[in-house]
Amino acid sequence: SPTLRTAHCGTPPSTMKPPRPPLAFPLLAAWAAFSGAEATAVTPIQKVLQMLQEMHDKGVEEQKAESVRFSAFNQFCSDTSAARSKAIEDATEKIGKLSADIGKAEADIDAAADKIAELEEDMGRWKKDSKAASEVREKERFDYEATRSELADAVDACERAAARLLSEPKKLPQAELVQVRDFAKTPAFARSALASFLGEATVAVPEAPLDAESQVNPMLFNEAPQAYAYESQSGGVVKILQDLRQEFKKEITSLDKEELGARHACDDVLQRLVGQTDLAAQERDQQAQHHAERSAQLAAYQGEKAMTEDAKKADEAYLKDLTGLCKQKSGDFGNRQQLREEELQAITKAVEIISSKDVAVERLPGGAAAASAASSFAQVPPRRLRSPQLQKVAALLRERAQKSKSDVLALLAKRAEEDPFSKVKSMIRDMITKLLEQAASESDHKAWCDAEMSSNKLTRDIKTREVDEISAEIDRLSATEAELTQEIADLNDNVASITKAMQEATAERQAEKETNEETIADAVASQKAIAEALAVLREFYAKAAQATSFAQRQSPAEDAPETFGDEPYTGMQGESGGVLGMLEVIESDFARLEAETSTAESEAVADHKRFMADSDTDKAVALTEIEHNDSRLLMTKQSLSGAQKTLEQTRTSLDAATSYYYKLKPSCEVSFSYDERVQKRKEEVESLRDAYVILAGEELPSVQEMKAEQIGA
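Residues numbered from 1 in each chain as written. Predicted model: local features only at pLDDT ≥ 70, side-chain atom pairs only at ≥ 80, totals over all residues. Heavy atoms only, no water.

**Some points on the overall build of the protein chain**
Let me state the cut-off plainly: Each helix is a run of H or I in the DSSP string that is no shorter than four residues. Each strand is a run of E no shorter than two, and both are numbered from the N terminus. For every residue, the accessible area (1.4 Å probe, protein chains only) is compared with the maximum for its type, and the residue is labelled buried under 20%, exposed over 50%, or partly exposed between those bounds. Whether two residues are in contact is decided by their heavy atoms: any pair within 4.5 Å suffices.
Scanning the protein chain for helices and strands turns up 13 helices and 0 strands. The secondary structure elements of the protein chain, listed N-terminal to C-terminal, are α-α-α-α-α-α-α-α-α-α-α-α-α. Scored against the burial criterion, the 713 residues of the protein chain give a buried share of 31%. Excluding contacts between residues fewer than 6 apart, the proportion of contacts in the protein chain whose partners are at least 24 apart in sequence is 85%.

See the structure below:
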């Protein structure tokens, strides 16, 4: 209106502030009605209006600043609530996973503990079985040694009794015959024959009490003179003693074989029990290690779960407090904004009332002069003065240009001082449109750059990580390949050593077998020959002993001249006793040689079989490991070749992504950040909007409306 234009012409630019449309317009009109460009006095009404205007401007600025601060606070509430909610959700999921891990670890620990208890029970039982087997073996060995000793004593008694009967037929070996007769393994017929022979030939011996422990007549060990057998034939007794000797020796040989078999059987049982115990101990150690590892993992899971639960509780408490705070602040902000709006409306209404005709300004001191100055100022031709709106716009743009260091605002401020009103207004609209279009274009470019740079960074990170992982895998596969190659070579050497040892053992066993067979054959032949020699000598001396019966008969030789004694010639029986005894000892030695060699051969055969079986097992295990390692080596080589090809392809992809990054970098990375540019452009647009409101007295049309006007023009 004309009144408004006249009032604004008298307002100094330095005292003008950006109005708050549309509430600020009545204030400006009222202020302009009572202002003068050259007034020298200020009336109370003018002072009141000035104070009200300052209050209004301050309220607008504080309302705007409070709105900006609450917007930032509201964004903080949204972002923080989302972050805390996401943290609580992640913590809940993590707690569930940790609970499952804890349950699994506890189950594994219980299973390992049960397995350890079971293995220890088995080991204890096997230990008892081993101890029992050892005790049984010890008892069997003791019985064997006692029985063998008795048999050896019986053989010796038979040999000595037979030798004395043959060497000294007139003397009865009573102690030896009693020992043989009382031996538990002496057959009944032999015991009866010996008892009969002793009963005929022995002198009465006083009875003596039997020893409680040995049940042997102690009188047999006295040094009393031995009884003499009557001088009759002893050939039957000698034959019985020789047969008993052979029988006892056979029993010794059989007993030795049984002892060897029992010892081998016991060794096999003990070896099996020891092997089972060792395997169980290894498995127990593995289970114990697994138990310890899972226990440590359980403790870690429980600790992590407790920490996660504490963090979740803290996040929930924080989120609850934050929700309450944000809700309270939001309500307070609405109430404060409403109060500020009501305050501004009240100030505006007061200004309208004070500025109306109901207030007689001219009645106040200086009021007439002020009215006169205003009236004379209103008669000044408008063309001689710059528009106050342009002056205010220029001052506003200069201030904002210095504050934001904007060349666009500085240039527009200069043009506002020089160009006409309508041209400046059009420039502002064009500049706003251009800035908004630049903002949209830069936003699109920023989004494209963000997407491309983010995708490229993700690709480079992934490919770099893949290169590192594949390189580590190649190093691991190379080490595995070398290790498997060495293991296969060592196993082949082990197989060759086992094969060689088996061949050498077989050759040695064959040679030993041939030697033992020759020894046994020689011993058997020697025994046979000695037995034949003994039979010849015994037969001769048995016949020669009968010559004593003819010495009692009368013959013509009694009348013949004396040629030699009357005693019959019975051969060299005195000397023959030593020869027969030696031959019997030699025969016993050959029998012992046969038995010992047979026993040694049996032991050697068993040892050889055991060695060959163990060697076959070791060889089979080694060959199986070689086959398994060959398969692993082939798979490792294939994996290594594939990993090398994958590494080459991944490096090519990484190089391509890096090259693309350096192409993107010049256009997407500038000297200052996108947020700074957006903030600067936002300040420029807000400054231009404020300038447009000052010039046009109305809100700036939308970008679409301004573009439609340009198209229509």
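After that view, the rundown keeps rolling.
**Side note on the nonpolar core**
Taken as a class, soluble globular proteins show a tendency for nonpolar side chains to be buried jointly. Defined as follows: Nonpolar cores are built from buried Ala, Val, Leu, Ile, Met, Phe, Trp, Tyr and Cys residues. Side-chain atoms within 4.5 Å join them into one set.
Core analysis: the largest hydrophobic core is formed by 26 residues, its most contacted members being Leu177, Val180, Val237, Leu241, Leu244 and Phe248. When contributions to this core are tallied by element, the ones reaching two or more residues are α3 (44-167), α4 (174-182), α5 (188-201) and α6 (235-355). No other element matches the 10 residues that α3 contributes to this core. Not counting residues up to four positions away in its chain, the partners in contact with Val237 are Leu165, Leu177, Leu194 and Phe197. Counting residues in each nonpolar core, the second largest holds 8 residues, with Ile470, Ile474, Leu477 and Leu640 among its members.

**Quick look at the packing of aromatic side chains**
The criterion, for reference: Pairing of aromatic side chains requires ring centres within 6.5 Å, counting the rings of Phe and Tyr and the six-membered ring of Trp. Pairs whose planes differ by under 30 degrees are stacked, by over 60 edge-to-face, and all others tilted. When the NZ atom of lysine or the CZ atom of arginine is within 6 Å of a ring's centre and also within 35 degrees of its normal, the charge is said to sit over that ring.
Under the definition given, this model contains 4 aromatic pairs. On the basis of an interplanar angle of 40 degrees and a centroid distance of 6.3 Å, the ring pair of Phe70 and Phe73 is categorised as tilted. Remark: Phe73 and Phe70 occur in helix α3; sequence separation between them is 3 residues, near one turn of the helix. Each member of the aromatic cluster is reached from another via a ring pair, and the members are Phe70, Phe73, Phe76 and Phe333. In this arrangement the basic side chain of Arg460 is found over the ring face of Tyr661, its NZ or CZ atom lying 4.1 Å from the centre.

**With respect to the pattern of salt bridges**
The condition that has to hold: Criterion for a salt bridge: a side-chain nitrogen of Lys or Arg within 4 Å of a carboxyl oxygen of Asp or Glu.
Per the stated rule, a full pass over the model turns up 29 salt bridges. Of the charged contacts in the structure, one is a salt bridge between Arg336 and Glu66, with a shortest N-O distance of 2.6 Å. Highlighted residues: Arg336 in helix α6 and Glu66 in helix α3, separated in sequence by 270 residues. Overall, the relative accessible area of 44% leaves Arg336 in the partly exposed class. Residue Glu66 is classed as buried on the basis of its relative accessible area, which comes to 6%. Residue Asp108 is joined to Lys104 by a salt bridge in which the shortest nitrogen-to-oxygen separation is 2.9 Å. On the criterion of helical spacing, the pair formed by Asp108 and Lys104 is a turn pair, its members being 4 residues apart in helix α3. Given the relative accessible area of 47%, Lys104 is considered partly exposed. Each of Glu62, Glu66, Arg336 and Arg340 takes part in salt bridges that share partners, so that together they form one network.

**Topic: the confidence of the model for the protein chain**
As a reminder of what qualifies: Residue-level confidence of the predictor is summarised by pLDDT, bounded by 0 at the bottom and 100 at the top.
Of the residues in the protein chain, 70% reach a pLDDT of 70 or more, and the chain-wide mean stands at 75. Across residues 200-233 the pLDDT falls below 50, and counting only partners more than four positions away or on other chains, this stretch makes 35 contacts in the model. For the stretch residues 369-386, pLDDT sits under 50, and the model shows 14 contacts to residues farther than four places along the chain or on other chains.

**Let's talk about the state of the cysteines**
What counts, and what does not: Two cysteine sulfurs form a disulfide in these notes if their separation is within 2.5 Å.
Evaluation of the coordinates by the stated rule reveals 1 disulfide. Across the disulfide from Cys77 sits Cys326; the S-S distance is 2.0 Å. Across the S-S bond linking Cys77 and Cys326, the dihedral sits near -95 degrees, which makes this disulfide left-handed. With a gap of 249 residues between them, Cys77 in helix α3 and Cys326 in helix α6 connect regions that are remote in the sequence. Of the two residues, Cys77 and Cys326, neither departs from the other in class, the shared state being buried.

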